[in-house]
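# Topology and contacts: notes
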Amino acid sequence: MIGTMAQAAPYVGYVYPNETDIPWSVLIVIYPYITGLVAGAFIVSSLYHVFGMERFRTVARFALLTAVSFMFFVPVPLLFHLGKPQRAFNAVLTPHWTSAMSAFSYVAGFYICLLLLEIWFAFRADIVSLSKTKGGLLGRAYRILTLGSDDVSGNALAIDHKFAFALAVIGIPAAGGLHGYVGFLFGSLKSREWWSSDLMPIIFLLSAVVSGIGLLVVLYVAYSKFRKAALDDACLQGLAKTMWAFLTVVLLIEGLELLEMFYKQLEGIEMVQRLIEGPIRYGMFLQWGLSLMVLATLSYLILTHARGRILATGMFAAGIGMMLGVLAMRWNVVIGGQELSKTMKGLLIYYPEILGHEGLLAVLFIFLCPFIVLWLVTRFLPPWEPEAGKEVSS
Amino acid sequence: MESDTSEAKKAEPGSALRRNFLRAIGAGVACAGVWMNDPLRAATPAEEAAPPDIPGYDWRKHKWAFGVDATRCIGCLRCVEACKAENGVTQDAHHFRTWVERYVYLEGDEHARVDSQSDPGNIAASGSQQAFRFDNRYASAPVEKAFFVPKLCNHCTHPACVQVCPTGATYQTPDGVVLIDHSYCIGCQYCVQACPYGAREFNHAMGVTDKCTWCYHRITKGLQPACVEVCPVEARVFGDRNDPDSPISRFIRNNRVSVLKPQTGNAPNVFYAGIDKEVS
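Described in the following lines is the structure provided in the data block.

Definitions and limits used
- Residues numbered from 1 in each chain as written.
- Chains lettered and ligands numbered in written order.
- Predicted model: local features only at pLDDT ≥ 70, side-chain atom pairs only at ≥ 80, totals over all residues.
- Heavy atoms only, no water.
- Phe/Tyr/Trp six-rings, centres within 6.5 Å; stacked < 30°, edge-to-face > 60°.
- Helix = DSSP H or I, 4+ residues; strand = E, 2+ residues; numbered from the N terminus.
- Buried < 20%, exposed > 50% of the residue type's maximum accessible area, 1.4 Å probe, protein only.
- Lys NZ or Arg CZ within 6 Å of the ring centre and 35° of its normal.
- Pairing = 2+ DSSP bridges.
- Axes fitted to C-alpha atoms, helices over the stretch in contact; angles between N-to-C directions.
- Contact = heavy atoms within 4.5 Å.
- Buried area = accessible area lost by both parts, 1.4 Å probe.
- Salt bridge = Lys/Arg side-chain N within 4 Å of Asp/Glu carboxyl O.
- Polar contact = N/O pair within 3.5 Å; in protein donor to acceptor, adjacent residues only side chain to side chain.
- Nonpolar A, V, L, I, M, F, W, Y, C, P; charged D, E, K, R; others polar.

Let us now look at the packing of aromatic side chains. One pass over the full model with this rule turns up 30 aromatic pairs over all chains. For the pair Phe96 of chain B and Phe132 of chain B, a centre-to-centre distance of 5.3 Å together with 65 degrees between the ring planes defines the contact as edge-to-face. Here the residue Phe96 of chain B occupies a position in the loop between helix H3 (78–87) and strand E2 (98–106), and Phe132 of chain B occupies one in the loop between helix H4 (120–126) and strand E4 (143–152), the gap between them amounting to 36 residues. Phe96 of chain B gets classed as buried once you look at its relative accessible area, which sits at 1%. Taken together through their ring pairs, the aromatic side chains of Trp24, Phe186, Trp195 and Phe204 of chain A together with Tyr190 of chain B make up a single cluster. Stacked on the ring of Phe123 of chain A, the Lys or Arg Arg61 of chain A has its end atom at 4.2 Å from the ring centre.

Below you can see the structure in the form of structure tokens.
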């Protein structure tokens, strides 16, 4: 309910009186989560577009549409959370540059433009062809989208490819920047023991890539089932290896960070331990349990050169597992950081509300929106190439 | 000589190109320098900002600071109630511009037992979230050492809250006070997160962040902050550090003072006397 405090957080030990009103709700859990999915999906498309990994050709264009569909909804949880959403543009018009947050609109805006441009170049030939075959309102939309250029000669397509390549090259640091920035937003706050870490941007970035690949795998397998198209085993094996590599590194860094924290035994470490054993125990169990299970599954799929049904089922499960595992990680960071009192003498417990503009239902609604938009976008711009339906041996 | 050089450069197109290129790089570096410098500038008050329209008050002539003598505080909480009344702070046990902490060591305790007026036991004792008192839970306990510590915004010299505000709605005045423009705040609560002292609170009715202003509307008229005014034991001290005879200058001079969480680099301007290591 706007204008009233949701619920005072219960606590143990001593917390500052103002801390019982938890500032950042579950909406701020979903914000870095969605941003991460965007970055991960984009990286997969770049592996094909920039690094020329042919095996990712099948999902490269779909990955771009996934990235943009989710990117549209990155600002939504933030707007839902603001006390004065009608003033959101104050941060755009008069950005206070010492604040990491003031860069959000610029970073996000730049990235959306870049994604839209890259999609246009990647789909231009299709748009031109659709503008000539479709009639009515839809045909008109395609004609407008050609932006007056219906040249699909070899020369013109080569130029398209050149632009798409350049944009993809710029897109990699942009995607990295977009999510590294989110990590900085948390890691740069010296007030919170659980956030204040130089490794936060790196951890956020790598886990983002893992969750984004997970999302892409889940969507690719589900779409192929829906379309009754065969899955591309080589592509799935490639995704398995990419996910495995990123997951290994992120688990190592996260593990090392915890190890250092407990080895150093700085003042307040008892409370950090109680946080992990207390308010975020289920979250930590999910984050680590699922990550290790996914790592084991991926290792099995890679080592046995799995194909066909086993590969598809294993990857689908790994994708779901990784999406949930990273969601748990976002919860553990965003909520966990606030549950550990700034006094380092107490712990708070955050209970999300169900209804209300910061409630679980609102979050569920916001998170479903990109899937609906993606479905509509893939209807409008089918990303699947004809040969993608055929099984390709690895 | 100079004209010779320039003549020589004119004759050589490659050199002109190089010169322009270097000039562009120089300009870029200069711009980057200005941009990089900005965080430092933003952490200091904007001297050039238009002063507020307050008759007889010049914000360049004062340097306000606050003192807390924890050895004097009796935990009566008149300061908390006065602050809420004076500043229209949300009337519940979860939003405060100032609060008081109670530290109690029982015999054999290694660490203090800490609570504040918003502890459920204390709220039950007062019977209301509008009036505050500490309960008598230690009446028959073997207390070894006990003291009260009033807390409030530290109006830091390098305020982390001002650094993270995305719009500049919260700012530092030249007289050393950290304020919020409620008509410009977007209510993101990044500043609430950034304050290491838990001094900021969110006003849900207004949709904006709120905090102690040292009663700026009073001090600029020559009055004391409400909490200082009502304190019956002079545990709270306020004044102008530019005046060597002000209460705060004397307090800092005559006591061995410390600040809270100095490791944050925020450089607080609330000075404490009589606190021990457990206080943070």
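Here the focus is the sheet that holds E2 of chain B. Residue and element names in this part refer to chain B. Ordered in space as E3-E2-E4, the three strands form an open sheet in which the pairing is antiparallel. Both edges of this open sheet fall to strand E3 (113–116) and E4, since each of them pairs with a single strand only. Here the strands of the sheet are splayed against their neighbours by 20 degrees on average, with no regard to which way each runs. When E2 meets E3, the two strands line up antiparallel, connected through four bridges. Its bridge partner lying in E3, Val104 is registered against Arg113.

Each partner contributes residues to the interface: chain A has 41 residues there, and chain B has 57 residues. Buried area between chain A and chain B, both sides added, is near 3900 Å², and the carbon and sulfur share of it is 52%. Along the contact surface separating chain A from chain B lie zero salt bridges. Linking chain A to chain B there are 37 residue pairs in polar contact (both at pLDDT 80 or more). Of all elements in the fold, only strand E1 (11–14) and helix H4 (90–93) of chain A reach the threshold of two or more residues within the side of chain A that touches chain B. Residue composition of the side of chain A that touches chain B, by class: 18 nonpolar, 16 polar and seven charged.

Everything listed here is a matter of geometry and, on its own, says nothing about what the molecule does.
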